Amino acid sequence: MHVFQKACLIAMAGLTVLAASGCTNASADSAPAKNGGNDAASTPGVNEEARSLLPQSVRERGTLIIASDPTYAPFEYYDTDNKTMIGWDVDTGDALAAILGVKAQHVAATFETILPGLASKKYDVGMSDFGITDERKKIVDFVAYLSDGSGIAVAPGNPEGLLMTSRTLCGKKVAAQKGSTQSLEVMPAMSKECTDAGKAPIDQQLFPTQNDANLALISGRVDGVMADSISLAYEAKQASGKFELAQGPDYQPEPTGLALNKESGLKDALTAAMKVLVGSKHYTQINEKWAIPASAAITADQVTGK
């Protein structure tokens, strides 16, 4: 315990830059799903074997405190009342809690504060489509739930001809959410490819939320927005054609999942619950509800994220 706390203090600065993820497999014709949580028919029952793996303190408390950034549709965002969080992560968190025989308590947070919040035990679980990377695995435990890749959103008709390749992005203004995989890894790597080829680097514009990045594209302040392609496709539909996901394959698909404090004692229980969920009709129902393409789904064998 003390070793972990000391490690967290050393790594706290790094947590803020490792916080967010965006990557997935989506097509531009993904349709927005209807708002709202799962109905009773789609709520899983308790799995006693998975529940038995919960720490006693969590069983007695009866809740899982789940932190998400509500600016990242379709994974988490506010409903029309601007206070109820809805989305894929919300429904999945509710389903996992039901399997474990507890209630999900959803808390709004920013990408950059979720992992530090796990380290300080403010939250039990971080669910915001986190990419499972080797660097993050040094800090937190993961339970995988999807396989995602990056995409780029562009103005209608893609007048700049942007794709997820450095040759089309050199010298262009490209936005991303601060702390995301795209801002920390993908764009810097592509920008280096530009300069190595003697071309202008990507003009990287970072914003505190995905909504801010999308608005910069809509207003013409940037040429494109790089993020998780599932989210970009979904948000483009919600924006009524004000931007679109550029055509082309996803860039570097990787597993994504929920994050846990390494000392929480929750990994075994949530891994077991996720395997139950992934192997059930409820996983398919949630994916279909939020327009998650079948190509992004994982199997029970992939749940650990190893």
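Residues numbered from 1 in each chain as written. Predicted model: local features only at pLDDT ≥ 70, side-chain atom pairs only at ≥ 80, totals over all residues. Heavy atoms only, no water.

### Overview of the pairing of strand β8 (residues 173–177)
Phase 1 of the analysis: Here β8 lies mainly inside the structure; four of its five residues are buried.
Phase 2 of the analysis: With helix α8 (residues 181–196) bridging β8 and its parallel neighbour strand β9 (residues 203–207), the resulting β-α-β unit is right-handed. (Buried < 20%, exposed > 50% of the residue type's maximum accessible area, 1.4 Å probe, protein only. Helix = DSSP H or I, 4+ residues; strand = E, 2+ residues; numbered from the N terminus. Right-handed = clockwise from strand over helix to strand, strands pointing away.)

### As for the packing of helix α4 (residues 88–99) against helix α12 (residues 281–289)
Phase 1 of the analysis: Axis separation between α4 and α12 bottoms out at 10 Å; the angle between their running directions is 165°. Accordingly, the angle class assigned to the pair α4 and α12 is roughly antiparallel. By crossing handedness, the relation of α4 to α12 is classed as right-handed. Between α4 and α12, the contacting residues are Trp88, Asp91, Thr92 and Ala95 on the first element and Tyr283, Ile286, Asn287 and Lys289 on the second. (Axes fitted to C-alpha atoms, helices over the stretch in contact; angles between N-to-C directions. Parallel < 35°, antiparallel > 145°, perpendicular 65-115°, else oblique. Left-handed = near helix turned anticlockwise from the far one by under 90°. Contact = heavy atoms within 4.5 Å.)

### Let's talk about the pattern of salt bridges
Phase 1 of the analysis: Evaluated as defined, the whole model comprises six salt bridges.
Phase 2 of the analysis: Here Asp196 ties to Lys192 by a salt bridge, and the two come within 2.8 Å at their closest N and O atoms. Here Asp196 pairs with Lys192, and both are found in helix α8, just four residues apart, close to one helical turn.
Phase 3 of the analysis: Lys192 gets classed as exposed once you look at its relative accessible area, which sits at 51%. (Salt bridge = Lys/Arg side-chain N within 4 Å of Asp/Glu carboxyl O.)

### What to know about the sheet that holds strand β4 (residues 85–86)
Phase 1 of the analysis: Strand order in this open sheet of three strands is β2-β3-β4, and the pairing throughout is antiparallel. Of all the strands in the sheet, just β2 (71–72) and β4 have a single pairing partner and so form its edges.
Phase 2 of the analysis: Across two bridges, the pairing between β2 and strand β3 (residues 76–78) is antiparallel. In the sheet register, Tyr72 faces β3, and the bridge partner there is Glu76. (Pairing = 2+ DSSP bridges.)

### Quick notes on the confidence of the model for the chain
Phase 1 of the analysis: With 86% of its residues at a pLDDT of 70 or more, the chain has an overall mean of 87.
Phase 2 of the analysis: The model gives residues 1–41 a pLDDT under 50, and that stretch makes 130 contacts with residues more than four places away or in other chains. (pLDDT = per-residue confidence, 0-100.)

### Here we look at the state of the cysteines
Phase 1 of the analysis: The tally for this structure, following the rule as stated, stands at one disulfide.
Phase 2 of the analysis: Covalent S-S linkage joins Cys170 and Cys194, the inter-sulfur distance amounting to 2.1 Å. The S-S bond linking Cys170 to Cys194 shows a torsion near -90°; that makes this disulfide left-handed. One end of the pair, Cys170, is in the loop between α7 (166–169) and β8; the other, Cys194, is in helix α8, with 24 residues separating them in the sequence. Take Cys170 and Cys194: they sit in the same class, and that class is buried. (Disulfide = S-S within 2.5 Å.)

### Thoughts on the nonpolar core
Phase 1 of the analysis: In terms of nonpolar packing, the biggest core is built from 71 residues, with Leu64, Trp88, Leu100, Leu258, Leu270 and Met274 touching the most fellow members.
Phase 2 of the analysis: With seven residues, the single largest contributor to this core is strand β7 (residues 140–154).
Phase 3 of the analysis: Every residue in contact with Leu64, bar those within four places of it in the chain, is listed here: Val58, Leu100, Val102, Lys103, Ala104, Gln105, Asp124, Val125, Leu266 and Leu270.
Phase 4 of the analysis: Counting 16 residues, the second-largest nonpolar core is a separate cluster that includes Val154, Val174, Met187 and Met226. (Core = buried A, V, L, I, M, F, W, Y, C linked by side-chain atoms within 4.5 Å.)

### Brief notes about unusual backbone geometry
Among all residues save glycine, negative phi is the norm, and among peptide bonds the norm is trans.
Phase 1 of the analysis: The peptide bond linking Ala73 to Pro74 adopts the cis configuration, its omega dihedral lying at 5°.
Phase 2 of the analysis: Residue placement: Pro74 occurs in the loop between β2 and β3.
Phase 3 of the analysis: Despite not being glycine, Asn82 has its phi angle at roughly 60°, a positive value.
Phase 4 of the analysis: With respect to the secondary-structure elements, Asn82 resides in the loop between β3 and β4.
Phase 5 of the analysis: Here Asn82 falls in the exposed class, since its relative accessible area comes to 60%.
Phase 6 of the analysis: Residues other than glycine seldom take positive phi values, yet Ser240 does so here, at roughly 55°.

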